[in-house]
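Coordinate analysis (summary)
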Amino acid sequence: MDTQAIFNLIGGAAIAAGGWFARELWGAVKELRADMHKIEVDLPKTYVAKDDLDKRMKHIEDMFQRIYDKLDGKADK
């Protein structure tokens, strides 16, 4: 076998290995995109937005303040 054939075989094997690696990488990226999309869809159903939580906590704090004010009024009498 001459050196040109050996270089051709080595080059072909290297290109084949690179192609296989690129295909595996492409598949992994597609799966990652699908997983990210699923997370983006499910995230609003699972977690509460910070603004909504802040509004609700403010409402609860206001209710407690009214209770404390009423208790202070009762204690003063």
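Cut-offs used in this document
Residue numbers here run from 1 along each chain, matching the order of that chain's written sequence. Only residues with pLDDT of 70 or above have their local features reported here, since the model is predicted, and side-chain atom pairs are shown and tallied only from 80 upward, although totals for entire chains, interfaces and linings are computed over all residues. The basis for the side-chain values is all heavy atoms of the structure; hydrogens and waters are excluded. The helix and strand labels rest on DSSP assignments: H or I over at least four residues marks a helix, E over at least two residues marks a strand, and numbering proceeds from the N terminus. Atoms counted for the radius of gyration: C-alpha only. Globule rule: 2.2 Å times the number of residues to the power 0.38. In these tables, accessible area is a Shrake-Rupley quantity obtained with a 1.4 Å probe, and a residue counts as shielded only by the protein chains included in the view. By the counting scheme adopted, Arg and Lys are positive, Glu and Asp are negative, and His together with the chain ends is not counted. Where a charge lies is defined by one atom per residue type, namely NZ (Lys), CZ (Arg), CG (Asp) and CD (Glu). Each patch is built from salt-bridge-free residues with over 30% relative accessible area, joining like charges within 9 Å and nonpolar side chains (Val, Leu, Ile, Met, Phe, Trp, Tyr) within 5 Å. Each salt bridge in this description consists of a side-chain nitrogen of Lys or Arg and a carboxyl oxygen of Asp or Glu lying within 4 Å of one another. Given a helix with a known number of residues, its expected span is that number minus one, times 1.5 Å. The angle between axes fitted to the seven-residue stretch ending at a residue and the seven-residue stretch beginning at it gives the bend at that residue.

**Focus on the overall build of the protein**
From N to C terminus, the protein includes two helices and zero strands. Whereas a compact globule of 77 residues would reach a radius of gyration of roughly 11 Å, the protein reaches 33 Å, over 25% beyond that. Dimensions of the protein, computed from C-alpha atoms along their principal axes, come out at roughly 110 × 20 × 10 Å. Carbon and sulfur atoms make up 64% of the accessible area of the protein, which totals about 7600 Å². Across the protein, the centroid of the 13 positively charged side chains sits 8 Å from that of the 14 negatively charged ones.

**Topic: a nonpolar patch on the surface**
Among the surface-exposed residues, Val48, Leu53, Met57, Ile60, Phe64, Ile67, Tyr68 and Leu71 lie close enough to one another that they form a single nonpolar patch of about 760 Å² accessible area. Residue position: Met57 is located in helix α2 (residues 50–76).

**Comments concerning helix α1 (residues 3–46)**
For α1, with 44 residues, the first-to-last C-alpha span of 63 Å sits near the 64 Å given by 1.5 Å per residue. At Glu40, α1 shows its largest bend, some 25°, and a proline, Pro44, comes one to four positions later.

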